[in-house]
Amino acid sequence: MYQDPATLLRHCGVQVTAQRLAVLAAVSRQPHGTADDIAKAVRAEIGVISRQAVYDALAVLADKGLIRRIQPAGSPARYEDRVGDNHHHLICRTCGRTVDIDCAVGAAPCLTPADALGYEIDEAEVIYWGRCPECLAQTPVRSGTDEETDTDRTIAHDQAEQPQGETS
Ligand SMILES: [Zn+2]
Ligand SMILES: [Zn+2]
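Worth saying up front: this structure is predicted, and the values here are computed from it rather than measured. (Residues numbered from 1 in each chain as written. Chains lettered and ligands numbered in written order. Predicted model: local features only at pLDDT ≥ 70, side-chain atom pairs only at ≥ 80, totals over all residues. Heavy atoms only, no water.)

On to the pattern of salt bridges. Side-chain pairs of opposite charge can arise where the charged atoms are in close proximity. The tally for this structure, following the rule as stated, stands at seven salt bridges. The shortest N-O distance in the salt bridge between R51 and D36 comes to 2.4 Å. With a gap of 15 residues between them, R51 in helix α4 (residues 51-63) and D36 in helix α3 (residues 35-46) connect regions that are remote in the sequence. The partly exposed category is assigned to D36, whose relative accessible area is 39%. Across the pair R82 and D100 runs a salt bridge, and its minimum N-O distance is 3.4 Å. Of this pair, R82 sits in the loop between β3 (78-80) and β4 (88-92) while D100 is found in strand β5 (residues 98-101), placing the two residues 18 residues apart along the sequence. Salt bridges linked by common partners bring R82, D85, D100 and D102 together as one network. (Salt bridge = Lys/Arg side-chain N within 4 Å of Asp/Glu carboxyl O. Helix = DSSP H or I, 4+ residues; strand = E, 2+ residues; numbered from the N terminus. Buried < 20%, exposed > 50% of the residue type's maximum accessible area, 1.4 Å probe, protein only.)

Given below as structure tokens:
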């Protein structure tokens, strides 16, 4: 399905390095992985690689259109090698499982907004949020007895503490 990755990199004007190849391969094996997931996979394959080197490789590959970066709300950026088809994502709110989903109708219709206001649009991002079948299956149907573990994820709240200083 894909041509030789090294050829692909060269074709896109990216200097071929073992690290970039390993990063590309890791993204390909593990679609929608975070930079940390990818770093882990790359380390397992080629040994030591710095976090920064992984970030750099991801940036170069994304910049050249070899991989796509998606940034769901409240999640670190995720990377995939399925590019150029304007597909969308379905994300589980509970476990974060992310899957590809094709555009709702026809070929990239979301690229045609009602009014583009003069912008040249090259990508539309749609994320469907919900709960995956496995998480749904783990949720007891009856409610009320136990705490819902729905929002177990730690979310860094930016609680602006308002000083209650009395100013006169
Ligand atoms: Zn889930
Ligand atoms: Zn995807």
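To continue, consider the sheet that holds β5. One open sheet holds the three strands; their spatial order is β5-β4-β6, and the pairing between them is mixed. Whereas interior strands pair on both sides, the edge strands pair on one side only; in this sheet they are β5 and β6 (127-130). When strand polarity is set aside, the average angle formed by the axes of neighbouring strands in this sheet is 25°. (Pairing = 2+ DSSP bridges. Axes fitted to C-alpha atoms, helices over the stretch in contact; angles between N-to-C directions.)

Protein-derived ligands of the zinc ion (ligand 1) are C92 (SG), C95 (SG), C132 (SG) and C135 (SG), with the metal-ligand distances lying across 2.3 Å. Site description for the zinc ion (ligand 1): donor spacing in sequence, C-x2-C-x36-C-x2-C. Of the two residues, C92 sits in strand β4 while C132 sits in the loop between β6 and α5 (133-138), which places them 40 residues apart along the sequence. Residue class for C132 comes out buried when judged on its relative accessible area of 7%. (Donors = N, O, S within 2.8 Å, 3.2 Å for Na, K, Ca; no water.)

Now for the nonpolar core. V23, I38, L58 and Y79 are the most contacted members of the largest nonpolar core, which totals 23 residues. Excluding its chain neighbours within four sequence positions, the residues that come into contact with I38 are V23, A26, V27, G33, V54, L58 and Y79. (Core = buried A, V, L, I, M, F, W, Y, C linked by side-chain atoms within 4.5 Å. Contact = heavy atoms within 4.5 Å.)

Once that is clear, we can look at α4. Taking 1.5 Å of rise per residue, 13 residues should cover 18 Å, and α4 covers 18 Å from first to last C-alpha, within 8% of that figure. For α4, the full list of buried residues reads A53, V54, A57, L58 and L61. Down the axis of α4, the buried set is contained in an arc of 135°. They therefore lie on one face. In α4, the exposed positions angled more than 90 degrees off the buried face are occupied by Q52 and D63. Of the surrounding elements, those touching the buried residues of α4 are α1 (5-11), α2 (18-29), α3 and β3. (Expected span 1.5 Å × (residues − 1). Arc of directions from axis to C-beta.)

All right, on to α2 then. Taking 1.5 Å of rise per residue, the twelve residues of α2 would be expected to cover 16 Å, and the 16 Å separating its terminal C-alpha atoms lies within 8% of that figure. Here α2 has its buried residues at A22, V23, L24, A26 and V27. Structurally, α2 contributes buried residues whose contacts are with α1, α3, α4 and β3.

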